Amino acid sequence: MKFIHLSLPFLIASSAFAQKAKHIMTTAGAGLPESADFSVKPMGYEFGVTLSFIIEGENIIEVDEKSLKTEESGWSMGPFSKVNKERSLASFSVLKKSNFLGKENEAKVKGTVKVVTASKSQKKTAMLKNGGKAVDFNGLKVSLKINGENSFGSGILVVGDAAMIKSIKVEQGGETLKENGSSWSGDKRTYHFRDLKEKCKVTIEYWTDLEAKKIAFEKG
């Protein structure tokens, strides 16, 4: 899940969590020649050192990628934090742009991230019309957006904290449309659906009890 900055006021989660994230992997990449392009770069290549961690808990929705804080300078959040289907494990990585190849043990970091959890949800259904007024779903502004010949930019536009969304269902003529991925920018996310027309019925299940838990991590 792209990853969205959480704007709701959070409580500290009471769910059972490990006190610290566990360091599970270190990868390092040296610099490539300037002439090296995509055709020759190794799969997953990233210049610098990447430290990966795993978090054990429950009811996990996502790792808030904008919540990273480290005592040492130069570290940033790595790409693609993940959560398993059971919502009991999350993984994330931190990256430092420096050549640690052969010196991986020298990479040190101590910091915190926030993990977002939820366990209660509600559903709401509304009819949407292209160009019509956005419908409020518990603070989320939802509207139908059709671009020309149903281009990739068309879909269900949601403005707000997308971490609130548990599921989204779109129906036309009694049939459920197949979702075709999503795209986002800032607090705007568009959910794309095949064969979307000028009118549709949208059902969104959204979390009502989002909470944040600060998790420490360290690699010495």
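The shown structure was predicted, so the numbers you read here are calculated from the model rather than taken from an experiment.

Colleague: Outline the packing of aromatic side chains, supporting the account with residue identities and numerical values.
Modeller: Taken as a whole, this structure holds three aromatic pairs when the rule is applied. Summarising the aromatic geometry, the rings of Phe-53 and Phe-92 are spaced 5.4 Å apart at their centres and angled 15 degrees between planes, so their arrangement reads as stacked. Residue Phe-53 is found in strand E2 (residues 48-56), and its partner Phe-92 is found in strand E6 (residues 89-96); the two are separated by 39 residues along the sequence. The same class applies to Phe-53 as to Phe-92, namely buried. Aromatic side chains Phe-92 and Phe-217 sit 5.3 Å apart centroid to centroid with 75 degrees between the ring planes, which places their arrangement in the edge-to-face category. Of the two residues, Phe-92 sits in strand E6 while Phe-217 sits in strand E17 (residues 211-219), which places them 125 residues apart along the sequence. Each of the two residues, Phe-92 as well as Phe-217, counts as buried. Feature note: the residues Phe-53, Phe-92 and Phe-217 constitute an aromatic cluster, connected by ring pairs.

Colleague: An account of the pairing of strand E15 (residues 188-193) is requested, with residue identities and associated values reported.
Modeller: Where burial is concerned, most of E15 is hidden: five out of the six residues are buried. Two strands pair when backbone bridges link them, and strand E11 (residues 155-159) and E15 are joined in this way by four bridges, in the antiparallel orientation. Bridge pairing in E15 links Ile-156 to Tyr-191. Sheet analysis places strand E14 (residues 179-185) next to E15, joined by five bridges and oriented antiparallel. Across the sheet, Ser-185 pairs through a bridge with Lys-188, a residue of E15.

Colleague: Which residues make up the side chain of Glu-171, and what are the values?
Modeller: Relative to the helices and strands, Glu-171 is located in strand E12 (residues 165-172). Assessed through its relative accessible area of 16%, Glu-171 is described here as buried. Leave out the neighbours within four places in its chain, and Glu-171 touches Thr-176, Cys-200, Lys-201 and Thr-203.

Colleague: Describe in detail the pattern of salt bridges, supporting the description with residues and values.
Modeller: Side chains that differ in sign of charge can pair as their charged atoms come close. Summed over the entire model, instances satisfying the criterion amount to five salt bridges. Of the charged contacts in the structure, one is a salt bridge between Asp-136 and Lys-141, with a shortest N-O distance of 2.9 Å. Taking the relative accessible area as the measure of exposure, Asp-136 reaches 32% and is therefore partly exposed. For Glu-205, the salt bridge identified is with Lys-166, shortest N-O distance 3.6 Å. Taken as a pair, Glu-205 in strand E16 (residues 199-207) and Lys-166 in strand E12 lie far apart in primary sequence, 39 residues in all.

About the criteria used
Residues numbered from 1 in each chain as written. Predicted model: local features only at pLDDT ≥ 70, side-chain atom pairs only at ≥ 80, totals over all residues. Heavy atoms only, no water. Phe/Tyr/Trp six-rings, centres within 6.5 Å; stacked < 30°, edge-to-face > 60°. Helix = DSSP H or I, 4+ residues; strand = E, 2+ residues; numbered from the N terminus. Buried < 20%, exposed > 50% of the residue type's maximum accessible area, 1.4 Å probe, protein only. Pairing = 2+ DSSP bridges. Contact = heavy atoms within 4.5 Å. Salt bridge = Lys/Arg side-chain N within 4 Å of Asp/Glu carboxyl O.

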